[in-house]
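# Descriptive structure summary
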Amino acid sequence: HRTDCRDLNELEIAIEGALRGMDFPLTSNNMSDQVKYLMAVDADTRLSKDSITQMVYSMETKPKTLALCGETKVDNKDDSWVTKMQVFEYYTNHGLKKAF
């Protein structure tokens, strides 16, 4: 339970609004009192069986960690030249963002 009373930032307000729209059980005015972890994935994402366990373990053992990103593998990378270009763009952009 949080003891500090700070205003929610813009992202937290948006997340809280989205969760309320899904009838997520929020009983207080502060989402941070209820939600410790939030996992966002694309609709076509597949997770390994231990993904959530690894995420929680990493967050619990390294309290300064603010966010995590898993390994990305593209299934249809060899389907056409378009998907090959998309994969190239994705890996170069994603890899550079992770590096900094």
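Not measured: the values here are computed from a predicted model. (Residues numbered from 1 in each chain as written. Predicted model: local features only at pLDDT ≥ 70, side-chain atom pairs only at ≥ 80, totals over all residues. Heavy atoms only, no water.)

## Here's the deal with the overall build of the chain
The helix and strand inventory of the chain stands at 3 helices and 0 strands. In the chain, the succession of α and β elements from N to C terminus is α-α-α. Long-range pairs, those at least 24 residues apart, make up 18% of the contacts in the chain between residues at least 6 apart in sequence. (Helix = DSSP H or I, 4+ residues; strand = E, 2+ residues; numbered from the N terminus. Contact = heavy atoms within 4.5 Å.)

## Topic: the confidence of the model for the chain
The predicted model of the chain averages 77 in pLDDT, with 79% of residues at 70 or higher. Mean pLDDT values for the elements of the chain range from 78 in helix H1 (residues 10-21) up to 90 in helix H2 (residues 51-61). (pLDDT = per-residue confidence, 0-100.)

## Side note on H2
Those residues of H2 that fall on the buried side of the exposure criterion are Ser 51, Met 55 and Met 59. Around the axis of H2, the buried residues are gathered within 60 degrees of arc, so they sit on the same side. H2 presents Thr 53 and Tyr 57 as exposed residues on the side facing more than 90 degrees away from its buried surface. (Buried < 20%, exposed > 50% of the residue type's maximum accessible area, 1.4 Å probe, protein only. Arc of directions from axis to C-beta.)

## Concerning a nonpolar patch on the surface
Taken together, Met 39, Val 41, Leu 47 and Ile 52 make up a surface patch of nonpolar side chains, about 340 Å² in accessible area. Along the chain, Leu 47 falls in the loop between H1 and H2. Residue classification places Leu 47 among the partly exposed positions, given a relative accessible area of 44%. (Patch = residues over 30% accessible without salt bridge, like charges linked within 9 Å, V, L, I, M, F, W, Y side chains within 5 Å. Areas by Shrake-Rupley, 256 points an atom, 1.4 Å probe, with all protein chains shown as cover. Salt bridge = Lys/Arg side-chain N within 4 Å of Asp/Glu carboxyl O.)

## A closer look at the environment of Thr 45
Here Thr 45 lies in the loop between H1 and H2. What makes Thr 45 partly exposed here is its relative accessible area of 35%. When the C-alpha positions of Thr 45 and Lys 73 are compared, they lie 9.6 Å apart, and in sequence the two are 28 residues distant.

## Notes on the side chain of Thr 83
Here Thr 83 lies in helix H3 (residues 81-99). The class of Thr 83 is buried, set by a relative accessible area of 10%. Sequence-distant contacts of Thr 83, that is, excluding residues within four places in its chain, are made with Asn 76, Lys 77 and Asp 78.

## Notes on H1
For an α-helix, the turn length of 3.6 residues means that residues three or four places apart are oriented alike. Here H1 contains 12 residues, and its C-alpha end-to-end distance of 17 Å stays within 8% of the 16 Å for a straight helix at 1.5 Å per residue. Within H1, burial applies to Glu 12, Glu 16 and Leu 19. The buried side chains of H1 occupy one side of the element, clustering within an arc of 65 degrees when seen end-on. Exposed positions of H1 whose direction lies more than 90 degrees from the buried face are Glu 10, Leu 11 and Gly 21. For H1, the N-terminal capping position is held by Asn 9, with its side-chain oxygen 3.0 Å away from the main-chain nitrogen of Leu 11. (Expected span 1.5 Å × (residues − 1). Polar contact = N/O pair within 3.5 Å; in protein donor to acceptor, adjacent residues only side chain to side chain.)

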